[in-house]
Amino acid sequence: SIDDSGQISFAAYAGTDLDSNRGIWSGQLNQISLVALPGAPAPNGLTYTSVLLNDVEQGGPLAYAAAVSTSGGGTQSGNWIYLPGGAQFVVNPTLAVPGEPANAHFTAAPSLAVTPDGNYAFFSQLATDTGTHGGIWANLNGTLTLIGHDGMQVSGFSNGVTWKSIFSYPTVSPLGEALFYGSLSNNQAGLFASNGTTTTAIALSSQPVPGLTGTSFGQVANQQLHPNATGDVAFSDGSIWLLNSSGYHREAQAGSPVIGGGTLTSVADDVHLTNDDRVTFTGEQAGNIYGIYQAAADGIHVIARDGTAAPGQAAGTTFEQIYPAQVNSLGQVAFLADLTLPSGSISYGNIFATEPDGTLTFVAGQGTTVTLPGRPTPYTAVSAGLYDFTDVELPQFDDQGDLVFTLGSAIAGSGTNVVMVAHLVPEPTSFVLAILAFGNIVIVLRQRSRNQPPGGAECRIAWPAVQRS
């Protein structure tokens, strides 16, 4: 993952024991430090026994889950947020649970959505003497607060309206609200915002659209909201909606015209919003042609779609299948794609991204070559990978144009996976790649000409400093 300050975090195995030596490292490109490793000291005089790079979203600090040894000789799981002053223990099954009886405890270390200022939200299962239920908690102002759990009265709604069992996809808005999907005892479901005191519906399935007389929402999808810097959000109910300070705006739906020709036949629910309110989403056109689109003030633009020419590849190479996109708040889009080669064979696992001027470019994938120190023979990548960004996931495209991705490379014949960072800088003639390979961290500077032949250029490598924290 990478946050908006350029802090890179990754999990890797130290040594050869793949069962017990999985650790986490974090830092800037030239200053990577160990965060947590089994056997290493943990905060409060404890010792890590296992660690896991946690799901985290919104470009905030690194969050991770870990088990630590206890004074009684057992182990205890929990979650930490890695801040500049050190790791902060935020939730574990032994801590008192806000808004619950003293005997209540979290049953598992949850996934966290963390903002750059350290606010966070999460869904967790909760156990009490009377049973288990799920809910959402958030730290919106320095204090962990219960937002809602099963059977609890929904603040701001009519008396007797309570939360049901569905909670998911919490994030934190710059406006200081927790955003999430939930369902109510009156059989309504949709997207909500809560400031910790009052809950407001953003969109409810089959209910009227506020401010638009005679218009109702369709089936609001169970989805994660990605608010922009001013708190605007975009979401899907079978159409693509934008909610900003001026109200609700339908940005795309079946039948919407696409710049360059044709219309949309459907839209999906993996929706992303830029700071200037451009909305990126996946959609379909006639003939089962899928693609990535961006709705802007002047209409709906095609980023990439099936069957069209893939840039940076041999003539006749086209997109076979395009996967959900990573999008930063500046509007740059990155995605994984399979390609149909001129021979008719399929090239799996290739990454493309838009540069700051909107130009789509090949970043890495099958045919990218990497040279590591001490190994003079270049090794050719067999595939690349991005995480699907449909849940609280590891952020992989920051607002400085840094894209984090994995690269499968036949290094020393071992099929080793590496983690890479591409910096899509304003100058569209170059980008920088950083490679992190199972504890060996290297910086790669790659100058790319627009006329570079397909298959990728060789990389020049220098070692950065690596320190223990």
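Above this note sits the structure.
Residues numbered from 1 in each chain as written. Predicted model: local features only at pLDDT ≥ 70, side-chain atom pairs only at ≥ 80, totals over all residues. Heavy atoms only, no water.

(A) Molecular detail of the overall build of the protein. Of regular secondary structure, the protein possesses zero helices and 38 strands. For the protein, the proportion of its 469 residues judged to be buried stands at 53%. Look at the contacts in the protein between residues 6 or more apart in sequence, and 40% of them connect residues 24 or more apart. Of the roughly 18900 Å² of accessible surface on the protein, a fraction of 51% belongs to carbon and sulfur atoms. (Helix = DSSP H or I, 4+ residues; strand = E, 2+ residues; numbered from the N terminus. Buried < 20%, exposed > 50% of the residue type's maximum accessible area, 1.4 Å probe, protein only. Contact = heavy atoms within 4.5 Å. Areas by Shrake-Rupley, 256 points an atom, 1.4 Å probe, with all protein chains shown as cover.)

(B) Molecular detail of the sheet that holds strand β20 (residues 247–252). An order of β18-β19-β20 is seen for the three strands of this open sheet, with the pairing classed as antiparallel. What marks the edges here is a single partner per strand, and that holds for β18 (233–236) and β20. Strand-to-strand twist in this sheet, taken as the mean axis angle between neighbours without regard to direction, amounts to 25°. For β18 and strand β19 (residues 240–244), the ladder comprises four bridges, and the chain directions are antiparallel. Residue Val233 lies in a different strand from β19, and its bridge partner there is Leu243. (Pairing = 2+ DSSP bridges. Axes fitted to C-alpha atoms, helices over the stretch in contact; angles between N-to-C directions.)

(C) Representation of the nonpolar core. Ranked by size, the top nonpolar core spans 16 residues in total, and within it Leu191, Ile202, Phe217, Leu225, Phe235 and Tyr248 carry the most contacts. For this core, the secondary structure elements donating two or more residues are β15 (178–184), β16 (189–194), β17 (199–204), β18 and β19. By residue number, the principal contributor to this core is β16, which donates three residues. (Core = buried A, V, L, I, M, F, W, Y, C linked by side-chain atoms within 4.5 Å.)

(D) Seen up close, unusual backbone geometry. The backbone of Ser206 shows a phi angle near 65°, a positive value even though the residue is not glycine. Take Ser206: its relative accessible area is 51%, and that puts it in the exposed class. The phi angle at Asp277 is positive, at roughly 70°, despite the residue not being glycine. Within the secondary structure layout, Asp277 lies in the loop between β22 (272–273) and β23 (279–285).

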